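# A closer look at the structure
Chain by chain, the residues:
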Amino acid sequence: MGCCKNVKALKYNSHSGDEYLAILYPSTCSLQCLRLKDNGTISPPEVMIPCSDVGFMTVSRFLVVVHPAGLVYLYDGVSQMVRLILHDKQIVAKPTNKKPRKRSSSEDMLAAQIPFTLPEAFVLREQDGLNHYCKIGSVINNKVIEKVVLGLDLLHCNGDSFYRTLVRHCLSLPESDAWAALQAAIMEFVGARSGPAQSTVTLHDTGIRRTRHSQTNEDWEFMLNVMLKDVREGGFGLPLLPNLTVKETQQTNISASQDAIQTTIQVLHLVHEELLLDVHNSDSCHKLAAIIHHIALSSGMDDYVNYYRSYYPHLGPPTSSQQEPAGLVSLARTLTSLLGGNLPPLPPLLPGVTDLTESVLILYLMITSHPLNGKTLRYLKSESGRVEQVTEALARRKFTSLSDNLLLAMVTLGLDEDIVTSLPVGIQFPLLDVLYPAHCNPPPGLPQPAYKLVHRTDVTSTVPPNFMDCTPKTSPDPTQEPDMAFNSPVLDFRFPEDERVAEAAHMFATSQPVKIVVNRRPEMTDVEYIDQQELLLFNKTKRTMAIPVGRALFTYCTFRPSPREPIVIPDVCISGKALPRGNTVKLDLDIPAEMIHWSEFHSGVATGLRIDPLLSDIDSQWIVYNRPQDLTNKHAGFLFALGLTGHLKKLSSRNLHDYLCQRHKFTSIGLLLGLGVTNKGTQDETITKLFSIYIPALLPPTAVPLELDHLVQTAAIAGLGLVYTGSAHRRMAEILLDEIGREPGPEMDNSEDREGYSLACGFSLGLVLLGMGNQNLPGLDDLKLSDRLYKYINGGRKEESSPVVPPSFRIWEGNMINTSVSSIGATVALGFTFLKTGNKNIARTLAAPHTEFLLEGVRPDMLLLRTVCYGLIMWDEIFPTTHWINSQVPEVLQDCLEVLTGVSEDPSGISLKVDPETAFPCTLTILAGGCFALGLRFAGTGNKAAFNTIMFYLYTTHHISNHPRDFAGFSKDLTEMCLVCLLVSASIVMAGTGNLVLMRMIRMLRKRIVPVNTYGHNFVTYGCHMGIHMSLGLLFLGGGRYTLRRDNESIAAMFLSFYPIFQTCQDDNTYHLQAFRHLWVIAAQPRLLITVDEHTNTPCYVPVTITTSPDCIPRDLPRDQVTPDNEPSETPASAGERVETTISRSVFTPVMLPEFHSIKTVSVIGERYWPITVSDIETLKKGYLYVKKRAGYLEYKDDPEGKINMLGRGDRFTTSVTDTIKQFSKDEAILLFAEKFCVASETKSPGVEFCKEQLLGCLLEETAQYLPLYTTLYKTLSTIADSPDPGVAENMRLIVTFYEGKRSTHLMSSKLVSQLSCKLEEMVKGRDDSEADPVEIPLTTQARNCLRSQRLWAGEQDKDGVLADVAELLSAKQPYLVVDKFMELLTLSGT
């Protein structure tokens, strides 16, 4: 068939569920219908239908086909259903029994057109332009009618399908008469009405006639086979109705026998019982009951007529016969009998018709403690698979409590909150009462609908709270201080009582001139005064230039930039403002240009690290968009920050090439290090080739050496190690090992900053072999790593290298290893390679020397470094005690240790074994190194023991720094180095905690700015200020949401970032490349947990218990803070079985969590909030946990001691109901209920008093979510006497039976149960004199009824006022146990 440009196609579904593809070819006036399989392929054969236009009704699911001759047909699938005839032409309709025929060439096309698809209507346009509007609603768009159709077709299975009958009647009547069509179809279906059906009927308002066509039943039979699997093999496995025989499908009609009519009525009754389980189906129930009543009345079945007239009085008065129909079962009575301990006969269960009925029966069997086993399955006689599904779910979860199992069963059965709340109140109460313990303590690991069912959506809330966004969405004003624009609601919530956050932000400001205050003496000239101002400004400038390094930690991951706005990198202001005049002070002296280069670089890094690593809007185009015309140091730092956060991998290769071709030193450093971090551990060959350009050792021997800056080579060698982290790569390990002892040369190369290059090589080698020292790595034995590294540390003869490197013109080292250069990198490489291995032989080589002679051969700073690496190797032996720190000092220095730590009160009287010039510096650096190792061991834990230990040595060192004359042999530079090392160590432990004690120490050390007579002689160097501000940034890491990890890679990154030997000046990179100071990003991790109130969406203080594995905090917490959660079992464990214990601690949120891998559970405790237990780590990683406050309490910030609650107010509202409720609950539903139902008018209303009483009781018992049930119950109690309804009575009897059985008493008080029981008895006895409101029943009557229901009292007189006392007790909301105990004492007393 040829193609046409006007060809159109559509996909549609038939009523049986089959999918078709219809292709219309206007040129040939034909419609090709192809049936599609599930996999999308075509199922033969194809059907060709003559057609000039076609459309599909999406609601009614009919295909409207316009025949070329002008005829209009409705198709279901490919079967012709009816033919539509235009009314105004008065064409006589006739059945279309012929198959679709091809269009003859002699036929003329009519201009009949219809829209391609419309929900309910289409327009026919003729050649003369006359339009006809046709509307065909869905034939079975009513769920009730669908159930009736399915039920009748299931149980009759005759050839003349009920569906066809219903379609004909629906098309013959207006859409609003669907129930009339259903009644007519049923009457015709069972043969109750004789005579053939009319083939055509004139429709109202449409101008169209429709005619019925008899076609095959393939579509409908296929739907039945799919739903029932196999109808013909033994029926449905369900209780068959009386006198019912399942027949094969054939083209015969059912006779109008009495049995067929009775079976039809019973099917309709099953649908009616199913509808009664949804209170919103009241109208449908009345209509269906009217149909059943009509069929029974016309068939002379008086018992059914009386049955439905008793439930629906509007149908008419009962007849003389009061006999109840045989075979009809009431579900409410069945459930009542189950609660009474019996197993009554069950109603038949039809798949797809009585699904909700079967689900309710399963749940009530669980409530009555009937096991869901084979016996229960045989009792239900159900083969729908629902019981098996529930049984499998219960077996998988293995819950112990009935409430948890019932909740799991309800979710498995597909019962959500909407379905449960639509159940009648009598069925709801037992289910919700049993579920109440699951509301108080919901089981973990269930889907979200389960928690919504028990009104605990706080357990699975996934919407992040608004306050988690720390900064505005747009970039700050360039004229405003960017640091001061940082506003963190998280920090404000964590520290609401002081101004530590504002003070920290103030100390990180760099874009405003610093204040210069110099006291001018009378003899001071103007020139001297200006010089003193410039000297003070020079010293303050050193501090200002070091601030961006710490600011990067403070503002890390606190900003989401707009992709349409450029990034603003703040300037580092090096000018001052002299006070009190306010004139500007500038440095007019000759200052090297390199002095501010690194400060600008760090400022760019700080700005880049503010960007959220999870931001997806950053791409290569955005990075280039923020590129300045000429590369700057600030932009270089910004690129490095993008690499640290992982965004640099989005930079295209072409743009990367353009950056590197500029040969801008800082840009190259930032890109190489950033690429290394981004590709950490990937061993990417492309990145390796890029790094080989900047590492001469990776180039071929014949390659022409490039003129590369030495700092760029240092960055490249460090980036190479990051790329090969943990790979144990043989070639890279060999090259890096050789580079540690790289000789100076050729010529002038490798002559400066060699120590920093050696450190980078050792760092990279340690990363390649990270923690693998004790492993037998293949291919590395011949390298003899340990021996060569030991020689690099302690010295020895150089090994012959080939080819021979030309000597340097500036440095001559001879044939001996220069340990001043190589020992730094070798020590770090040895520490990283044997990290956490506990190898004592290797650790012994790094321990401090034990003799004076050996001590004099080691620099003090190397002693500090070796002590740290010793701790890295002996990781598990580090204890947060001064004893462990002091044990690192060799015996020969113990007397010096006593002097430094204040053990000896008279230091002058002690004779040291070692020269003081050697003893004091060595002892102090060893102590500092031990504290640094201790800080790494407890990084991010907030361990108080470790913190106090480090602070002890920090105070000691600070005392030495303030009193240098009391201790011989100390230099101010060495003391400051150790002081900053100790300060950083303490901050590493308390990262993210905002510790106020440490912050005070930082602020005090930061203020040490004094003018000096000559430049550069101030002992507080640029590096000291860098360490101080890094410590401050660590305290508020990531806006207070981040802390540090302790895995191997994080430890290595922290070591290099917080390297204890800080720079001496702004351009110093001799021992450590300044760009390494930002590698702490690798170790940063958000672990702050904030609890959020579900109703107000605001943070709140909540007590929680954190349970961790014992290997996490065996030494991390003091003994008084650790309590074992579960003791080891007394039963001896079998061979190979490991008995695990856990450690728990109770804290208030917000709290920094331990490392995620060690967390077992986090549980909300306390009486003010509903308990939650979270074991899912992914939930904790979100950083917030929604909680639900109990209605009768205030938040901890409003009532810290818990002295104000609803219990203290008794049972009356002393003030306005709404005002009282607002103090204790933020739930809008409760407030609205109090406002609408609990505010009395001028006349006292019993309903208002009842609502107030129930509201107070619900708030006290935490059942406020069930207030609608109580109002429904009150309405029932108020109207049951005036208009007795058997259905309502059955529901009330169901409640009374449940609570009299004492299975649960969470939602219903004894008082309400007594009222229900009394009302039911009055209905049975036919009492009509109960006019008073249920709440106003005399207390003695309440007591008598309650006592009678408890079967402990039979008297009718109130002796000695006992009944009044009992009634007073029962008028309160007391549980059954209290009432029973009181009655027991009352009976024993002989009253």
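Residues numbered from 1 in each chain as written. Predicted model: local features only at pLDDT ≥ 70, side-chain atom pairs only at ≥ 80, totals over all residues. Heavy atoms only, no water.

It is worth spelling out the overall build of the chain at this point. In terms of helices and strands, the chain carries 51 helices and 27 strands. A buried classification covers 55% of the 1391 residues belonging to the chain. Look at the contacts in the chain between residues 6 or more apart in sequence, and 71% of them connect residues 24 or more apart. (Helix = DSSP H or I, 4+ residues; strand = E, 2+ residues; numbered from the N terminus. Buried < 20%, exposed > 50% of the residue type's maximum accessible area, 1.4 Å probe, protein only. Contact = heavy atoms within 4.5 Å.)

With that settled, the discussion passes to the nonpolar core. Counting 212 residues, the largest nonpolar core has Ile988, Phe1036, Leu1044, Phe1055, Phe1058 and Trp1080 as its most contacted members. In this structure, Phe1058 is in contact with Leu553, Phe932, Val984, Ile988, Met1030, Leu1034, Leu1044, Arg1077 and Trp1080, ignoring residues within four places of it in sequence. Ranked by size, the runner-up nonpolar core spans 82 residues in total, among them Leu446, Trp1170, Ile1172 and Leu1185. (Core = buried A, V, L, I, M, F, W, Y, C linked by side-chain atoms within 4.5 Å.)

So, about the pairing of strand S2 (residues 19-25). Counting buried residues in S2 gives 5 out of 7 residues, a clear majority hidden from the surface. A loop of 4 residues connects S2 with strand S3 (residues 30-36), the two strands running antiparallel in sequence, and Cys29 in this loop sits at a positive phi of about 50 degrees. (Pairing = 2+ DSSP bridges.)

Within the chain, residue pLDDT values average 76, and 69% of them lie at 70 or more. For residues 1012-1016, every residue scores under 50 in pLDDT, and the model assigns this stretch 8 contacts once sequence neighbours within four places are set aside. With pLDDT under 50 throughout, residues 1366-1391 is counted as low confidence; its partners more than four residues away or in other chains account for 42 contacts. (pLDDT = per-residue confidence, 0-100.)

Okay, the packing of helix H36 (residues 916-937) against helix H37 (residues 944-962) next. In the contact formed by H36 and H37, the axes pass within 10 Å of each other and the chain directions differ by 150 degrees. Viewed along their axes, H36 and H37 adopt a mutual orientation that is roughly antiparallel. As for the relative orientation of H36 and H37, their crossing is left-handed in sense. Of the residues in H37, those touching H36 at Leu924, Leu927, Cys931, Leu934 and Gly935 are Ala946, Thr949, Ile950, Tyr953, Thr957 and Ile960. Classifying every residue of the contact of H36 with H37 gives 8 nonpolar, 3 polar and no charged. (Axes fitted to C-alpha atoms, helices over the stretch in contact; angles between N-to-C directions. Parallel < 35°, antiparallel > 145°, perpendicular 65-115°, else oblique. Left-handed = near helix turned anticlockwise from the far one by under 90°. Nonpolar A, V, L, I, M, F, W, Y, C, P; charged D, E, K, R; others polar.)

As a further point, take the sheet that holds strand S15 (residues 576-578). If you trace the 3 strands from one edge of the open sheet to the other, you get S14-S15-S16, paired in mixed fashion. The open sheet has two edge strands, strand S14 (514-516) and strand S16 (584-585), and neither has a second partner. Here S15 pairs with S16 via 2 bridges, running antiparallel. Across the sheet, residue Gly576 finds its bridge partner in S16, namely Val585.

Attention shifts here to the side chain of Thr667. On the secondary structure map, Thr667 appears in helix H24 (residues 665-678). Of note is the side chain of Thr667, whose polar atom sits 2.8 Å from the side chain of His664. With near-sequence residues (within four places) excluded, Thr667 lies in contact with Leu631, Thr632, Ala636, Leu639 and Tyr659. (Polar contact = N/O pair within 3.5 Å; in protein donor to acceptor, adjacent residues only side chain to side chain.)

What follows is about the pattern of salt bridges. Taken as a whole, this structure holds 22 salt bridges when the rule is applied. Lys680 is paired through a salt bridge with Glu1049; the nearest N and O atoms lie 2.7 Å apart. A residue pair is termed long-range when its members are at least 10 positions apart, and Lys680 in the loop between H24 and helix H25 (685-694) and Glu1049 in helix H41 (residues 1048-1057) qualify at 369 residues. A relative accessible area of 27% means that Lys680 is categorised as partly exposed. (Salt bridge = Lys/Arg side-chain N within 4 Å of Asp/Glu carboxyl O.)

Take unusual backbone geometry next. The omega angle of the peptide bond from Leu579 to Pro580 is 10 degrees, so this bond is cis rather than trans. Counting through the fold element by element, Pro580 comes out in the loop between S15 and S16. Residue Pro1150 follows Thr1149 across a cis peptide bond; omega there is 0 degrees. Phi is positive for Arg663, close to 55 degrees, though the residue is something other than glycine.

So, about the packing of helix H20 (residues 597-609) against H24. With their axes 11 Å apart at the nearest point, H20 and H24 run at an angle of 40 degrees to one another. In terms of orientation, H20 and H24 fall into the oblique class. Once H20 is placed against H24, the crossing between them reads as right-handed. Side by side, H20 and H24 meet where His597, Trp598 and Phe601 of the first sit next to Phe666, Ile669 and Gly670 of the second.

The 4 strands lie next to each other as S1-S2-S3-S4, forming an open sheet whose pairing is antiparallel. Since the sheet does not close on itself, it has two edges, and those belong to strand S1 (8-13) and strand S4 (42-50), each with one partner. Averaged over neighbouring strand pairs, the angle between their axes works out to 20 degrees when direction is ignored. Inspection of the sheet shows S1 paired to S2 by 6 bridges, in the antiparallel sense. Each residue of the ladder has a partner; that of Lys8, found in S2, is Leu24.

With that settled, consider the environment of Val149. Inspection of the secondary structure assignment puts Val149 in helix H1 (residues 143-156). According to the relative accessible area criterion, Val149 is buried, its value standing at 1%. For the pair Val149 and Ile186, spaced 37 residues apart in the sequence, the C-alpha separation amounts to 9.4 Å.

This next bit is on H36. Taking 1.5 Å per residue, 22 residues should reach 32 Å; H36 reaches 31 Å between its end C-alpha atoms and fits that length. Burial of H36 is extensive: 20 of the 22 residues sit out of reach of the surface. (Expected span 1.5 Å × (residues − 1).)

Enumeration over the complete set of coordinates arrives at 25 aromatic pairs. Taking the centre distance of 5.3 Å and the plane angle of 75 degrees together, the rings of Tyr307 and Tyr308 count as edge-to-face. Here Tyr307 falls in the buried class, since its relative accessible area comes to 9%. For the ring pair Phe832 and Phe1055, a centre distance of 5.4 Å and an interplane angle of 80 degrees mean the geometry is edge-to-face. Linking Phe832 in helix H30 (residues 819-833) with Phe1055 in helix H41, this pair joins segments that are 223 residues apart in sequence. Like Phe832, the residue Phe1055 is buried in the burial classification. Chaining the aromatic ring pairs together yields one cluster made of Phe763, Phe832, Phe932, Phe1055 and Tyr1059. (Phe/Tyr/Trp six-rings, centres within 6.5 Å; stacked < 30°, edge-to-face > 60°.)

Let's shift gears to the side chain of Thr1105. Along the polypeptide, Thr1105 turns up in strand S21 (residues 1103-1108). The exposure class assigned to Thr1105 is buried, which follows from its relative accessible area of 15%. Reaching out from Thr1105, the side chain makes a polar contact with the side chain of Ser1146 at a distance of 3.2 Å.

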